[in-house]
Amino acid sequence: MAKKILVVDDEKSIVTLLKYNLEQAGFYVITASDGEEGLQTVVEQKPDLVVLDLMLPKLDGIEVCKQLRQLKVNVPILMLTAKDDEFDKVLGLELGADDYLTKPFSPREVVARIKAILRRAQQQAPIAEQGVQEDQQPSLIIGELKVYPDRYEALFNDELLELTPKEFELLVYLSRNKGRVLTRDQLLSAVWNYDFVGDSRIVDVHISHLREKIEKDTRKPLYIKTIRGHGYKLEEPKQE
């Protein structure tokens, strides 16, 4: 069955371009022309991925993204922005967008990004959807942190963590590489699957979010350590 993609953009030429290229790539495409319609369409139509413009009538893309995450709707989001503005990009990622592209963009690149995001989402799908044996991927336990890749769950102090898809993927990668120092470029390549051309702030934002959820004191982290001049390392907390 073709994956359903929702394109939310008020520029008809952009919608036409994306719809044509996505349908040529084998996707089923639905559209919305403003933020309110986009939000309602996500809830009613349950698309597999949303292509969401930043500047929209009624509700902008940031607000749509924020409300979806507040509703615990974890649909992958590819955000489009006409602004070459790092604040907007970082804010979108902070609120739960999985990726972003700056206009003008190549339709081929949009298709490639969407395929990459959906591929990662499929890899993270619950066991019942994939038909995978529960013990195929072992749990990852570091101190009070327990990560279950197959179940798409992570617990801290036996409490379920609420993570965006990208935060979970980053946490799994850090956990599988426990004790290793990972550069920002390594994390960009492994978790985002391509080079953000030095935009390492994306990694820093997601590391900050993870720390807020698993560290007692984010200024003195016990789990995710910053290795100055190199990157980050997830390690077993030292016994006090």
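Predicted model, so just to flag it, every value in this text is computed and none were measured. (Residues numbered from 1 in each chain as written. Predicted model: local features only at pLDDT ≥ 70, side-chain atom pairs only at ≥ 80, totals over all residues. Heavy atoms only, no water.)

Peer 1: In this structure, what is going on with the overall build of the protein? I would like to understand it.
Peer 2: Within the protein, the regular secondary structure consists of 9 helices and 12 strands. Out of the 240 residues belonging to the protein, those deemed buried represent 49%. Within the protein, residue pairs in contact and separated by at least 24 positions form 56% of the contacts whose partners lie at least 6 positions apart. For the protein, the computed accessible surface area is about 12600 Å², with 48% contributed by carbon and sulfur atoms. (Helix = DSSP H or I, 4+ residues; strand = E, 2+ residues; numbered from the N terminus. Buried < 20%, exposed > 50% of the residue type's maximum accessible area, 1.4 Å probe, protein only. Contact = heavy atoms within 4.5 Å. Areas by Shrake-Rupley, 256 points an atom, 1.4 Å probe, with all protein chains shown as cover.)

Peer 1: How should the nonpolar core be read in this particular structure?
Peer 2: Nonpolar side chains in soluble globular proteins tend to end up buried together. Judged by nonpolar contacts, the single largest core of 48 residues is most densely connected at Leu 52, Leu 145, Leu 174 and Ile 224. Viewed by domain, this core spans two of them, domain 1 (4–124) and domain 2 (140–234), each represented by three or more residues. Leaving out residues up to four positions away in the same chain, Leu 174 has contacts with Leu 182, Leu 187, Ile 207, Leu 210, Ile 224 and Leu 234. Among the nonpolar cores identified, the runner-up in size contains 19 residues, and Ile 5, Val 15, Phe 27 and Val 29 belong to it. (Core = buried A, V, L, I, M, F, W, Y, C linked by side-chain atoms within 4.5 Å. Domains from an automatic or database assignment.)

Peer 1: So what exactly am I meant to see when it comes to the sheet that holds strand S8 (residues 153–156) here?
Peer 2: Backbone-to-backbone hydrogen bonds pair the strands of a sheet. The strands run either parallel or antiparallel. Taking strand neighbours across the sheet as the criterion, the 4 strands line up as S6-S7-S8-S9 in an open arrangement whose pairing is antiparallel. Both edges of this open sheet fall to strand S6 (140–142) and strand S9 (159–160), since each of them pairs with a single strand only. One ladder, built from 2 bridges, connects S8 with S9; its direction is antiparallel. Among the inter-strand pairings, Phe 156 is bridged to a residue of S9, identified as Glu 159. (Pairing = 2+ DSSP bridges.)

Peer 1: Help me out: how do you make sense of the packing of aromatic side chains in this one?
Peer 2: What describes a pair of aromatic rings is the distance from one ring centre to the other and the angle between the planes of the rings. Tallying each qualifying case throughout the model produces 2 aromatic pairs. Each ring, one from Tyr 152 and one from Phe 168, has its centre 4.4 Å from the other, and the planes form 75°; the classification is edge-to-face. With a gap of 16 residues between them, Tyr 152 in the loop between strand S7 (145–148) and S8 and Phe 168 in helix H7 (residues 165–176) connect regions that are remote in the sequence. Looking at Phe 168, the relative accessible area reads 4%, which means it is buried. A ring pair is formed by Phe 156 and Tyr 223, whose centres lie 5.4 Å apart and whose planes are at 80°; its orientation type is edge-to-face. Of this pair, Phe 156 sits in strand S8 while Tyr 223 sits in the loop between helix H9 (201–214) and strand S11 (224–227), and the two are 67 residues apart along the sequence. Overall, Tyr 223 belongs to the buried group, its relative accessible area being 5%. Residue placement shows Arg 151 over the ring face of Tyr 148; its charged tip is 3.9 Å from the ring centre. (Phe/Tyr/Trp six-rings, centres within 6.5 Å; stacked < 30°, edge-to-face > 60°. Lys NZ or Arg CZ within 6 Å of the ring centre and 35° of its normal.)

Peer 1: So what exactly am I meant to see when it comes to helix H8 (residues 184–192) here?
Peer 2: One turn of an α-helix holds 3.6 residues; hence residues three or four places apart share an orientation. Restricting attention to buried positions, one finds in H8 the residues Leu 187, Leu 188, Val 191 and Trp 192. The buried residues of H8 occupy an angular sector of 100° when the element is viewed end-on, so they sit on one face. (Arc of directions from axis to C-beta.)

Peer 1: How should I be thinking about the confidence of the model for the protein in this particular structure?
Peer 2: Interpreting fine coordinate detail is not advised for predicted regions of low pLDDT. Confidence along the protein averages 84 in pLDDT terms, with 84% of residues attaining 70 or more. pLDDT under 50 marks residues 126–136. Its contacts with residues more than four places away, or in other chains, come to 14 contacts. (pLDDT = per-residue confidence, 0-100.)

Peer 1: Sorry if this is basic, but what is going on with the packing of H7 against H8 here?
Peer 2: To characterise two packed helices, one gives the angle between the axes of the helices and the distance between these axes. Look at H7 against H8: their axes get within 10 Å of each other, and the N-to-C directions meet at 120°. In terms of axis orientation, H7 runs oblique to H8. In this structure, the crossing between H7 and H8 has a hand that is right-handed. Residue-level contacts link Lys 166, Glu 169, Leu 170, Tyr 173 and Leu 174 of H7 to Leu 187, Ala 190, Val 191 and Trp 192 of H8. (Axes fitted to C-alpha atoms, helices over the stretch in contact; angles between N-to-C directions. Parallel < 35°, antiparallel > 145°, perpendicular 65-115°, else oblique. Left-handed = near helix turned anticlockwise from the far one by under 90°.)

Peer 1: Explanation requested: the sheet that holds strand S2 (residues 28–32) in the structure shown.
Peer 2: Taking strand neighbours across the sheet as the criterion, the 5 strands line up as S2-S1-S3-S4-S5 in an open arrangement whose pairing is parallel. Whereas interior strands pair on both sides, the edge strands pair on one side only; in this sheet they are S2 and strand S5 (99–102). Taken over all neighbouring pairs, the strand axes of this sheet differ in orientation by 20° on average, direction set aside. In terms of strand pairing, strand S1 (residues 4–8) meets S2 through 5 bridges, oriented parallel. In the strand pairing of S2, Ile 5 is matched with Val 29. Set on the sheet, helix H1 (residues 12–24) makes contact with S1, S2, strand S3 (49–53) and strand S4 (77–81); between it and S2 the angle comes to about 165°.

Peer 1: Please explain the environment of Glu 167 as it appears in this structure.
Peer 2: Here Glu 167 lies in helix H7. Accessibility expressed as a relative area gives 3% for Glu 167, which makes it buried. Each C-alpha atom of the pair Glu 167 and Val 205 lies 9.9 Å from the other, and the pair is 38 residues apart in sequence. Those residues within four positions of Glu 167 in sequence are excluded, and the remaining contacts are Glu 162, His 206, His 209, Leu 210 and Lys 213.

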